[in-house]
Amino acid sequence: MGTETGTAQTAPVLVTVYGAYGHTGRFVVAELRDRGFVPILAGRDADKLHAMAASTPGAEARPASIDDPASLDRALAGAAAVINCAGPFALTAAPVIEAALRAGIPYVDVAAEIEANADTFTHFADRAREAGAVIVPAMAFYGGLGDLLATAAMGDWTTADEATVAYGLSGWHPTPGTRTAGEVSRERRSGRRVRYTNGRLEYHDTEPTLLKWPFPAPMGPREVIGDFTMADVVTIPSHLSIPEVRTHMTTEAAGDLSSPDTPAPTATDETGRSDQTFLVEAVVRSGGDERRAVATGQDIYAVTAPLAVEATDRILTGRTHATGVASAGQIFDAADFLGALEPHIIFEGLRPGPES
């Protein structure tokens, strides 16, 4: 926990949340408080920060801008770690990582942007490894959860021919931040689509295909858009020897995301969660053998908070397998991590079976 070790009381553990007043940031702040950490509220909008601090007992507001390194240093001063929830991560990740490296503290973010996550591995891997620092990008529903599931499904396999992460979402009401990040990504790739094939990211103009995916109960078979590519194509191959990584998305959710008229999420319970549900299935294939792992839960934005906070707790308590820039499946014991997320996420590792 953030404030106790055994029976001995210790000083509160401070964790800076950059982008604390955003939709996902608020869930992260609440999860930190629930787990005994003391959040430092940071971000670019001072008014929003101070308003949030006034309703968050014990929290301190520290305005900081990505183009002002000194303000970022002040935001991280005294913190044990930083969780970056402020997109677009193409703009925020590098400055906040630099500040974390200067402060000598771990960095976790919830980036779903493919290019931003690839940049983090490309630009910071050597420096972080040499410094013995820990940087975990995409520690979120997209990128982190799929990587954990694929890693858990691999078990004792050291290589596989293919990994597929199928996203069964009841719907997708994107936040304004999601829409902005998507626009930035589309601009970076000049409107092209992206996939991970033959061991590398490939940009292309091929039209997507519709497939029928046999999701297990309670969802059942659904139509999906094939190669609806998410951040898993960066996180999974960063540490697993799999030359083909694909992600699919239910057509209902993809349609919601593409429509400019789809509203933002609406809270339906006291925690602020929407009524959206999800079932994510990761399948790894080697020859004619398949292994599967499944996770179910509610609200893709809300569930990012326990993912990011569990990661932060494990880093701070030394329950890690790596340093440097590392994805969730590489740095943590995937099955144990997923099991620890209940009741937020219900994890089921399925038996190996022949390819169907």
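Residues numbered from 1 in each chain as written. Predicted model: local features only at pLDDT ≥ 70, side-chain atom pairs only at ≥ 80, totals over all residues. Heavy atoms only, no water.

*Asks:* How do you make sense of the overall build of the protein chain when you look at a structure like this?
*Replies:* Assigned secondary structure in the protein chain consists of 12 helices and 19 strands. Over its C-alpha atoms the protein chain spans a radius of gyration of 19 Å, differing by no more than 12% from the 21 Å that the globule rule assigns to 356 residues. Among the 356 residues that make up the protein chain, the fraction classed as buried is 53%. For the protein chain, contacts bridging at least 24 residues in sequence account for 70% of all contacts bridging at least 6. Within the structure as shown, the protein chain displays about 14,700 Å² of accessible surface, and the carbon and sulfur contribution to it stands at 50%. Here the protein chain contributes 28 positively and 46 negatively charged side chains, and the mean placements of these two sets differ by 2 Å. (Helix = DSSP H or I, 4+ residues; strand = E, 2+ residues; numbered from the N terminus. Rg over C-alpha atoms; globule rule 2.2 N^0.38 Å. Buried < 20%, exposed > 50% of the residue type's maximum accessible area, 1.4 Å probe, protein only. Contact = heavy atoms within 4.5 Å. Areas by Shrake-Rupley, 256 points an atom, 1.4 Å probe, with all protein chains shown as cover. Lys, Arg positive; Asp, Glu negative; His and termini not counted. Charge placed at Lys NZ, Arg CZ, Asp CG, Glu CD.)

*Asks:* Would you mind going over the packing of helix α1 (residues 23-34) against helix α10 (residues 304-316) with me for this structure?
*Replies:* A pair of packed helices is captured by two measures, namely the crossing angle of their axes and the spacing between those axes. Packing of α1 against α10 leaves a shortest axis separation of 8 Å and a crossing angle of 50°. In terms of orientation, α1 and α10 fall into the oblique class. Judged by the sense of rotation from one axis to the other, the crossing of α1 with α10 is right-handed. Contact residues: Thr 24, Phe 27, Val 28, Glu 31 and Leu 32 in α1; Thr 304, Ala 305, Pro 306 and Val 309 in α10. Here the contact of α1 with α10 is built from residues that sort into six nonpolar, two polar and one charged. (Axes fitted to C-alpha atoms, helices over the stretch in contact; angles between N-to-C directions. Parallel < 35°, antiparallel > 145°, perpendicular 65-115°, else oblique. Left-handed = near helix turned anticlockwise from the far one by under 90°. Nonpolar A, V, L, I, M, F, W, Y, C, P; charged D, E, K, R; others polar.)

*Asks:* How should the pattern of salt bridges be read in this particular structure?
*Replies:* Side chains that carry opposite charge are capable of pairing whenever their charged atoms lie near each other. Under the counting rule described, the total for this entry stands at 23 salt bridges. A salt bridge links Asp 119 to Arg 188, with the shortest nitrogen-to-oxygen separation between them at 2.9 Å. Taken as a pair, Asp 119 in helix α5 (residues 114-131) and Arg 188 in helix α7 (residues 176-188) lie far apart in primary sequence, 69 residues in all. When its relative accessible area of 40% is taken as the criterion, Arg 188 is described as partly exposed. (Salt bridge = Lys/Arg side-chain N within 4 Å of Asp/Glu carboxyl O.)

*Asks:* Explain the sheet that holds strand β17 (residues 324-325) to me, please; I cannot follow it from the model alone.
*Replies:* In sheet architecture, strand pairing relies on hydrogen bonds along the backbone and comes in two forms, parallel and antiparallel. Spatial ordering of the open sheet is given by β5-β4-β3-β6-β7-β8-β17, a layout of seven strands whose pairing is parallel. Either end of the sheet is taken by a strand with one partner, and the two such strands are β5 (60-63) and β17. In the sheet, strand β3 (residues 14-18) pairs with strand β4 (residues 38-43) via five bridges, with the strands oriented parallel. Looking at the pairing, Val 17 lines up with Leu 41 of β4. On top of the sheet, helix α3 (residues 69-76) reaches β3, β4, β5 and β6 (81-84); it is set at about 165° to β5, its chief contact. Packing of α10 onto the sheet brings it into contact with β3, β6, β7 (107-109) and β8 (134-136), and relative to β6 it is tilted by some 160°. (Pairing = 2+ DSSP bridges.)

*Asks:* Would you mind showing me how to read the confidence of the model for the protein chain here?
*Replies:* Close reading of the predicted structure is inappropriate where its pLDDT is low. Considering every residue of the protein chain, the mean pLDDT works out to 94; 96% of them sit at 70 or more. Segment residues 3-7: pLDDT under 50, and seven contacts once partners within four positions in sequence are set aside and those in other chains are kept. (pLDDT = per-residue confidence, 0-100.)

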